[in-house]
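Survey of secondary and tertiary structure
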Amino acid sequence: MEKWTLKETSFRAETAMAYEGLFTLGSGYLHTRGSFEENVGNEPQNITNPRPAFANASAFKHGGVQKTKWGAYVPGVFAHHPHLNEELVNLPCFLSIEPTAAGEKLDLLTSKISDYERVLNMKTASLSRNLTWHTKEGDVKVKFERFVSGARPHLSVQRAEFTVVRTLHPTPLQISIKSGIDADVRTNGCDHFVAAKIENISENRVKSTVTTNETPYFDKDNKITNTSGGDTIYTVAEVIAVGAERALPLQYQQETRRGYFTADFELNAGETLVIEKRAAVTTSRDLHLTSMGRQEVPTEGDLVGCERILDEAKNFTFEQLFSEHKTCWEKRWEISDVVIESNDKNDNSQEALRSSLFHLLRCHVTGDPRVAIDAKGTAGDIYYGRFFWDTEIYLVPFFLYTDPERAKTLVDFRIQTLAGAKRNAERGGYKGARFPWESDAQGNDCCPPGNWQYRDHEIHITADVVYAFAHYAANTGSDYLKNEAAETIVETARFWLDRVDYDENEIPHLLGIMGPDEYTALTSDNAYTNFMVAFALKLAAEYGKFGGATDDEIAQFKDVADRMPIYVNKDGIILQCQEFEHFADPQFAKLWKGYAEGKPVGHYAQYVPQERLYRTKCLKQADVLMLMFLFFNDYTKEEILATWDYYAPYTTHDSSLSLGAHAMLANRIGKEDEAWAMFQKCMGNDLDVEHEGAAEGIHIAGCGMNWQMVVFGAAGILNALQSDIFTLNPHLPKQWKKVSFPFVWKGQSLYISLEHGKVSIENKSDKPIEVVVVDKKTTIEAGKILLM
C-alpha cells in the first residue's frame, strides 16, 4: 500500500475546520484552505470584530465561533491590524461553486447525503470530494476536484461534476450553479481592504481588485515609504460549463464586494454536468521580483497579469493542466520522500510523515527570499503569518538536506530583513541587529506590547539566525559566511556586546532571558541562549573582517564568547538557568488534572496562573536537551542521559515541539521505546482532527521536526555542523521494517535505505564520498552502492 492519501469519510461540523487546515493546498505562491466549494451553514466570513492580543497567539480560536473558515493567502501580503500589528491577510475567496438542485441548496449541515468521501492526494497535491445528494426530486452524484498549480503558481484549477442518478418525476432535474469571487472576508476580525472593486469583465470572467490598509514599509535609510496604502491584490475567476448543450447563458449578479455567475441546467437521469473554474491571483508585490531572478508578472494597475495567466491556460484541458502540475510534484517528491515499511499494518507513520513533507513542500516560496515559512504553514490566520525561530531550527534542515537552493532562500530572508533587525535593536537602545521574535516580511517585530515577555526576552532567535547561516555554509561548502552573511553576523555580534552585563569580576552575563522554554521567564544565563550566543560570537570573530568589524570588535567578540558562562549543579548537570534549583516544585500531581493517575488532561498551563509557571520548575520544553541535540558531539552519552533524567520529571511537553526534540535525542541514547511513544504523539499533531489538529493551520515547525526525527533520530545521521564526514548510526524503531530516503551531503546526492542490521547507501553523484557507518569509515565510489 503506497499510503499517499488522507481521507475524511464522514462530514461532522465539529471536525470541519480541522480538515480545512489539514487539506490546505498551495503552490508556494498561492495557498487555499480546504474549505468546501459551498458555504457550510451559510457561515458569515465578514464579521468585523478585531481581536486583541493574547499572551499566546493560540488563545484566539476561530473554531469556537465558526464552523468553517475560508482562507486564501499569498505569503508576504501583510497589513496592519489595530491590536495585533502586521499580519498575513486573508484574501478574497475564489473557490465557490455552489449547486442548487430542485430548489435545494447543497449544505452538508442540512442536505441528505450518502457515500461521502473527501481525499487529499499528497502525491499529486490535489483535493477531491465525492458524495451522493438525495434531493426531494432525485439523487445526484457530486464530485469536486481542485489543485493549485505547481507549474503555474498563480493559478487555481477546479472541476465539479453533477450526475443525475435518478429522478422521482418524468421531468428533468433542474440544477443551478452559483460561482464567483467573495471579497467580503476578514482576518482575525479585521477588514483589511480599504478599497475593493468587483467587476464583470467578460461573459464568464469576474475580477476583484482589493487594496489593503497601509503597512509601514521602510527603505534602507529607515524611512517609511508606502504612503499611498498597502498591497493591491488582483483576482480573476472564470467559470466554464463543459459540454452542457442545454445550458442557459451565464447570468452575472453583483452584491457588496461579491460578484457571481449563475446558470440553470436541466438534466435527465444518467446525464452529467461539468463545471470548471479557473482563478488567477497576482499582487503588487510581484513587480519587485524581477531583480531576484523570477519572471515579472505584469499587473499594470488592473488585471492584465491575471487575465494573461488565464489566457495562457485557456487552450489546456483540466487533464493537461493537472498533468503538468503532477510532473512538478513528482520532481518535488523525488528529492524528498521518505518511504517507511512498517511491521504493523495499523501504523500510520507513513501517512503522518508524508503529510508533514507535503506541507513543507507546499509552503516554500521558491526564489523569493523576501519571505520565509510562517508558523502555521500559510494555512490559517493564527500566529498572523509571521516568521519565528522555527525557520532556522526546524525548517532549514529539511530543505538543506533535500534541496539546498530552497534552503538558501530561507537563510537569505534574514539578510533581506537586516534593516528591520537593526531597527529593533535601536528601539531597545542597543547597537547592532536584534532579530524579531515575530517577524513580518520587513523584519519588523510584530509581537504585540502585551506579549512583552516573548518580544523583549526571547532573544535567542538572534543567535539562532547565525546558527542557521553556519549550518547552511557547512552543508553547501560555500563562502556564504564570508560573503552574503558576513555583515549580518557582525551586526548581531554588536548587539550581543551591548546586551551583556558584567559582574564585579568582569564576567559577561545575559540577564532577563527567556529561552525556548517559555514557562521560565526573566532568568539569568539561560544555558541554551548563552551557548548559542557564544557560538554566534565565535563565528563573528572568525568572519568579522568580511563583515566590516574592526580588530577591536573582533577581539571583543572572541573574549565574550570564551567567557560566556554555562552553569552546572553539584552533580555536573547543566542548569537551564542560574536560578533553576531555587525554583519551587511544580506540584503536578496536585494541580494538573489526571497527572496523578498517569493521564494528564490538557496542558499544565490551563490549571495554573502565569506567575506560578514563572516561579516553578515546570518546563514547556527542555532547553538543555535541545541544546544537547544541536551540539550533540559536545556531550557524552552519560551526560545526556543524566540530563534527561534530571529534567524529564519537570517537563510538561506543552509545546508541540517538545516531544520531537526529545524523541531525536532518545533514539541516540538508547531510549527507543520512549522515542517511539514521543514520535507517535508528535507525528499526529495535525492529523488529530478530534482535538482541533490543524483547525487554525499546520504545525509547520512540527512538520520539519518530524522529518528530523526520522533522519537525525532514527537514522542517526549527524548534521554538517556535527561532523565533517557523512556519519550514520541508525536506531530503527522495532515497529518499522525499512526506511528509505534521499539525502544531499555537501553537494553529493545519496539514497539511503535502512533495515534492522542492514544499511544501503547509494552514491548518486559523480565523485567518491567518504562515509562513517556505525563507526566504520569507508569510501563509496561514484554511482556505487555500499551494503553493510
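Before reading on, note that the structure itself is shown above.
Here the structure is a predicted model, which is why all the values come from computation and not from measurement. (Residues numbered from 1 in each chain as written. Predicted model: local features only at pLDDT ≥ 70, side-chain atom pairs only at ≥ 80, totals over all residues. Heavy atoms only, no water.)

**Details of the packing of helix α17 (residues 658–668) against helix α19 (residues 700–714)**
- Running from N to C, α17 and α19 cross one another at 10°; their axes reach a closest spacing of 8 Å. Compared by their axis directions, α17 and α19 come out roughly parallel. Here Gly660, Ala661, Ala663, Met664, Asn667 and Arg668 of α17 lie close against α19, whose contacting residues are Met705, Gln708, Met709, Phe712, Gly713 and Ala714.
- Its residues assigned to classes, the contact of α17 with α19 comprises 7 nonpolar, 4 polar and 1 charged. (Axes fitted to C-alpha atoms, helices over the stretch in contact; angles between N-to-C directions. Helix = DSSP H or I, 4+ residues; strand = E, 2+ residues; numbered from the N terminus. Parallel < 35°, antiparallel > 145°, perpendicular 65-115°, else oblique. Contact = heavy atoms within 4.5 Å. Nonpolar A, V, L, I, M, F, W, Y, C, P; charged D, E, K, R; others polar.)

**With respect to empty space enclosed by the protein**
- Scanning the model with the defined rule gives 9 cavities of 30 Å³ or more in all.
- Roughly 80 Å³ of internal volume is contained in the largest cavity.
- Taken together, Phe36, Glu37, Glu38, Asn39, Trp70, Cys93, Ser96, Glu98, Asp182 and Tyr260 make up the full set of residues lining the largest cavity.
- Residue composition of the lining of the largest cavity, by class: 4 nonpolar, 2 polar and 4 charged. (1 Å grid on protein atoms, 1.4 Å probe; cavity = no way out; pocket = protein on both sides within 12 Å on 5 of 7 lines; lining within 4 Å. Points joined across faces, edges and corners; volume = space filled by probe spheres on them.)

**Some thoughts on the side chain of Arg668**
- Looking at where Arg668 falls in the secondary structure, it is placed in helix α17.
- One buried charged side chain, Arg668, makes no salt bridge at all; its nearest oppositely charged neighbour is Asp634, positioned 11 Å away.
- Not counting chain neighbours up to four residues away, the residues in contact with Arg668 comprise Phe629, Phe632, Phe712, Ile717, Leu718, Gln722 and His731. (Buried < 20%, exposed > 50% of the residue type's maximum accessible area, 1.4 Å probe, protein only. Lys, Arg positive; Asp, Glu negative; His and termini not counted. Salt bridge = Lys/Arg side-chain N within 4 Å of Asp/Glu carboxyl O.)

**As for the sheet that holds strand β23 (residues 726–728)**
- Ordered by their spatial adjacency, 3 strands build an open sheet running β23-β27-β28, and the pairing between neighbours is mixed. Each edge of the open sheet carries a strand with a single partner, namely β23 and β28 (776–780). The sheet shows a mean angle of 25° between the axes of neighbouring strands, taken without regard to direction.
- Across 3 bridges, the pairing between β23 and strand β27 (residues 769–773) is parallel. Within β27, the position partnered with Leu728 by the bridge is Val773. (Pairing = 2+ DSSP bridges.)

Don't take any of this as a statement about function, it's just geometry.
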